[in-house]
Amino acid sequence: SAVISQKPSRDICQRGTSLTIQCQVDSQVTMMFWYRQQPGQSLTLIATANQGSEATYESGFVIDKFPISRPNLTFSTLTVSNMSPEDSSIYLCSVNRDFTGEQYFGPGTRLTVT
Amino acid sequence: KQEVTQIPAALSVPEGENLVLNCSFTDSAIYNLQWFRQDPGKGLTSLLLIQSSQREQTSGRLNASLDKSSGRSTLYIAASQPGDSATYLCAGYSGGYQKVTFGTGTKLQVIP
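Now for a description of the structure that goes with this document. (Residues numbered from 1 in each chain as written. Chains lettered and ligands numbered in written order. Predicted model: local features only at pLDDT ≥ 70, side-chain atom pairs only at ≥ 80, totals over all residues. Heavy atoms only, no water.)

### Observations regarding the sheet that holds strand E7 (residues 68-72) of chain A
Residue and element names in this part refer to chain A. In spatial order, the strands read E1-E3-E8-E7; together these four strands make up an open sheet with antiparallel pairing. A strand with exactly one partner marks an edge of an open sheet, and here the two such strands are strand E1 (4-7) and E7. Ignoring strand direction, the axes of neighbouring strands in this sheet form an average angle of 15°. (Pairing = 2+ DSSP bridges. Helix = DSSP H or I, 4+ residues; strand = E, 2+ residues; numbered from the N terminus. Axes fitted to C-alpha atoms, helices over the stretch in contact; angles between N-to-C directions.)

If you want it as structure tokens, here you go:
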């Protein structure tokens, strides 16, 4: 398995500001994934982050709104920019085991935008 | 496009009962299927992964099966306990490991 930590665990932010979420994994992984879970909803993939290359964004998500960094094989950040109340969600990072593809998730960051 | 549906959306059972959670998917070219549990406000905990060549996996009181031809997976929980109360999500992998589609979840409540 993989042990994943996220910072912060939760935050309350004002409209128009930005928040950067950190994700740390206890072992080197090729790909890291960022998901959003809106209240009462299932998970939606925002983007896939590979070390040394630009992140790949899913339909409906853009780099200007959700810039991602992946400086090494154990760390990634997701920034939620120019926040609005609609961005209030749980943001989760995940990794998969390269051999089986099994996914592991961090504890999530609960974001509330007022 | 893969779509994953879970029925029922919510389930309440008395402690000790055996139960089955259902997961349906539209694309039979599914690669892996994984079951998770999520406690309120928390991240996801992996329960079972059924790989492409497998039909079922077991861990303790949990058993998950996968039938690609019918587009279904089931999670069987034996002798349910209050600590099993959580939302259970299934996730289907298509086109390799990266394309993961999550189901809508089943919220389970086990009543003491």
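### Topic: the interface of chain A and chain B
Between chain A and chain B, the contact holds 21 residues from the first and 20 residues from the second. Between chain A and chain B, a total of about 1,600 Å² is buried, with carbon and sulfur atoms accounting for 52% of that surface. In this assembly, chain A and chain B are joined by zero salt bridges. At the surface where chain A touches chain B, the tally comes to six residue pairs in polar contact (both at pLDDT 80 or more). When contributions to the side of chain A that touches chain B are tallied by element, the ones reaching two or more residues are strand E4 (31-37), strand E5 (43-50), strand E9 (89-96) and strand E10 (103-105) of chain A. A total of four residues in the side of chain A that touches chain B trace back to one element, the largest contributor, which is E4(A). A class-by-class count of the residues in the side of chain A that touches chain B yields 10 nonpolar, seven polar and four charged. (Contact = heavy atoms within 4.5 Å. Buried area = accessible area lost by both parts, 1.4 Å probe. Salt bridge = Lys/Arg side-chain N within 4 Å of Asp/Glu carboxyl O. Polar contact = N/O pair within 3.5 Å; in protein donor to acceptor, adjacent residues only side chain to side chain. Nonpolar A, V, L, I, M, F, W, Y, C, P; charged D, E, K, R; others polar.)

### Some words on the state of the cysteines
For the structure shown, the criterion picks out two disulfides over all chains. Each sulfur of the disulfide joining Cys23(A) and Cys93(A) lies 1.9 Å from the other. One disulfide, between Cys23(A) and Cys93(A), carries an S-S torsion of 70° and so falls in the right-handed class. Of this pair, Cys23(A) sits in strand E3 (residues 19-25) while Cys93(A) sits in strand E9; the two residues are 70 residues apart in sequence, bridging distant segments of the chain. Take Cys23(A): its relative accessible area is 0%, and that puts it in the buried class. Relative accessible area serves as the criterion here: at 0%, Cys93(A) is assigned to the buried category. With a sulfur-sulfur separation of 2.0 Å, Cys23(B) is cross-linked through a disulfide to Cys90(B). (Disulfide = S-S within 2.5 Å. Buried < 20%, exposed > 50% of the residue type's maximum accessible area, 1.4 Å probe, protein only.)

### Let's talk about the side chain of Asp84(B)
Tracing the backbone shows Asp84(B) in the loop between strand E8 (72-77) and strand E9 (86-94). Residues within four places of Asp84(B) in sequence aside, it is in contact with Arg37(B), Arg61(B), Ile77(B), Leu108(B) and Val110(B).

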